[in-house]
Amino acid sequence: MKIFISENYDEMCRRALNHILQLLASIKNPLICPASGDTPAGLYKNLVSDVELKKIEINNWSFVGLDEWMGMNGNDQGSCRFHLNNQLFKPLNVKESQISFFDGRENDTNNECVKVEDFIFENGGIEVAIVGIGMNGHVGMNEPGTSKIIRSHVTEIHSETKISGQKYFTEKQELLQGITLGLANILEAHNIFLLASGQHKADIIKQVLEGEISDQFPSSLLREHPALYIYLDNEAADLLKKETIKN
Ligand code: PGA
């Protein structure tokens, strides 16, 4: 893994995006897996701005959703798709045929998983996964205790996520289940960008990067990936040892 520490959130987002653009420059039809959540929002803002300023062109990019709350889809205010529609897909004018996303309102969850997995396969695998980290170390909706061999699945939302997930909604929600790419899917991505910002993430970042690799902290399993790039701001990196940062 390679760790990049920035002075602040804005710089972190800019640097991470530049790195991603550099990697994608030579890829013909890249498939991107963008997490929703507060952390990558700044990166998406920079991406939209670069496209609007015609610094880059992304017509050949496709997107696969990382996760969704069960019972919700893009029509639900606060859903993962809702946020990504507003932050990414609408401002970038991405065609529906270039997006595959879990529909948490569909009863046939198996079909949803097959749909998303097939899209990934047809597009040559995920070139870049952009993920955040939960306060409990989850990645996507892979909550503590999830095995690294699990692919797309329906998951029971962890008690911590039931609380922290409220911030995405304007009204209180009962968050019981999610549908998510599994750790196996994320580990198959060619490149993984994990972003974390803010003092409140410092403890979990220390645990995930310096603690034992364990399914109790699912993001720690990403450390086994050969192309894991970790972008932190100073606050999130605050508790890391010097030796960790040097790697
Ligand atoms: P956040 O969420 O970026 O909103 O902090 C991260 C996550 O829970 O994966």
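Residues numbered from 1 in each chain as written. Predicted model: local features only at pLDDT ≥ 70, side-chain atom pairs only at ≥ 80, totals over all residues. Heavy atoms only, no water.

A few points about the overall build of the protein
And step 1. Check the secondary structure of the protein and you find eight helices and ten strands.
And step 2. In summary, the protein has a C-alpha radius of gyration of 17 Å against a globular reference of 18 Å for 247 residues, a match within 12%.
And step 3. Of the contacts formed within the protein by residues at least 6 apart in sequence, a portion of 78% connects residues at least 24 apart.
And step 4. Only carbon and sulfur atoms are counted for the fraction: they give 48% of the accessible area of the protein, which is about 11300 Å².
And step 5. With 23 positive and 34 negative side-chain charges, the protein shows a separation of 6 Å between the mean positions of the two kinds. (Helix = DSSP H or I, 4+ residues; strand = E, 2+ residues; numbered from the N terminus. Rg over C-alpha atoms; globule rule 2.2 N^0.38 Å. Contact = heavy atoms within 4.5 Å. Areas by Shrake-Rupley, 256 points an atom, 1.4 Å probe, with all protein chains shown as cover. Lys, Arg positive; Asp, Glu negative; His and termini not counted. Charge placed at Lys NZ, Arg CZ, Asp CG, Glu CD.)

Focus on the environment of Glu210
And step 1. Its place among the elements puts Glu210 in helix α7 (residues 202-210).
And step 2. The spatial distance from the C-alpha of Glu210 to the C-alpha of Ala16 is 22 Å, given a sequence separation of 194 residues.
And step 3. Among residues more than four places away in sequence, those in contact with Glu210 are Ile205, Arg223, Leu239, Leu240, Lys241 and Thr244.
And step 4. Side chain to side chain, Glu210 and Lys206 meet in a polar contact 2.5 Å long.
And step 5. For Glu210, the side chain forms a polar contact with the side chain of Thr244, separated by 2.6 Å. (Polar contact = N/O pair within 3.5 Å; in protein donor to acceptor, adjacent residues only side chain to side chain.)

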